[in-house]
Amino acid sequence: MNSQATPAAPNPTSEPPLTIADVQATVDQWIQTIGVRYFDEMTNLAQLVEEVGEVARILSRTRGEQSCKQGVTPESLADQLPDELADVLFVVICLANQSGIDLTEALRRNLDKKTKRDATRHHNNAKLKGELNSEPKSGTPDEA
């Protein structure tokens, strides 16, 4: 299993890259014109859980130990991952928009928080360095 992040491929179109603010505005425009209105927050939360479940289904079968249903290949599922991740992102953007959250600023603050909090934490994690056996233990924990 490859746990290393792979950078996204360059944009094959001649369109300029979208900023987070651009995407928030585009989703809002889509909702106002095609979607009619935002679903309420609880409905969007249910939609988010559903979409994250689709991502989990794909990853559990393409990267995890779950097998594919008969007639479905890991490759065909992997091809669905970009669209399902985009569905997750769409619903997150809807929730941010209807909550008045500027995701650009929220992400900046969040990365700053993580950078300060985790400045050395992951570098000192023996599991990430492969120094410890990180295989999950099966069965129940040993009793003391």
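Residues numbered from 1 in each chain as written. Predicted model: local features only at pLDDT ≥ 70, side-chain atom pairs only at ≥ 80, totals over all residues. Heavy atoms only, no water.

**Student:** Break down helix α2 (residues 41-62) for me, with residues and values.
**Tutor:** For an α-helix, 3.6 residues make a turn, and residues three or four places apart therefore share a direction. Helix length check: α2 (22 residues) gives 31 Å between terminal C-alpha atoms against 32 Å at 1.5 Å per residue, within 8%. Those residues of α2 that sit buried are N44, L48, E51, V55 and I58. All buried residues of α2 fall inside an arc of 85° around its axis, so they share one side. Away from the buried face of α2 by more than 90 degrees, exposed residues M42 and V49 are located. Of the surrounding secondary structure, the elements contacted by the buried residues of α2 are α3 (74-78) and α4 (81-99). Where α2 begins, the capping side chain belongs to D40, and its oxygen is found 3.0 Å from the backbone nitrogen of M42. (Helix = DSSP H or I, 4+ residues; strand = E, 2+ residues; numbered from the N terminus. Expected span 1.5 Å × (residues − 1). Buried < 20%, exposed > 50% of the residue type's maximum accessible area, 1.4 Å probe, protein only. Arc of directions from axis to C-beta. Contact = heavy atoms within 4.5 Å. Polar contact = N/O pair within 3.5 Å; in protein donor to acceptor, adjacent residues only side chain to side chain.)

**Student:** For a nonpolar patch on the surface, give the residues involved together with the corresponding values.
**Tutor:** Residues I20, L107 and L111 make up a contiguous nonpolar surface patch of about 240 Å² in total accessible area. Structurally, the position occupied by I20 is in helix α1 (residues 20-33). Take I20: its relative accessible area is 33%, and that puts it in the partly exposed class. (Patch = residues over 30% accessible without salt bridge, like charges linked within 9 Å, V, L, I, M, F, W, Y side chains within 5 Å. Areas by Shrake-Rupley, 256 points an atom, 1.4 Å probe, with all protein chains shown as cover. Salt bridge = Lys/Arg side-chain N within 4 Å of Asp/Glu carboxyl O.)

**Student:** Go over the side chain of D118 with me, naming the residues and quoting the values.
**Tutor:** Looking at the element boundaries, D118 is found in the loop between α5 (103-117) and α6 (126-129). Taking the relative accessible area as the measure of exposure, D118 reaches 12% and is therefore buried. Of the polar contacts made by the side chain of D118, one reaches the side chain of R117; its length is 3.0 Å.

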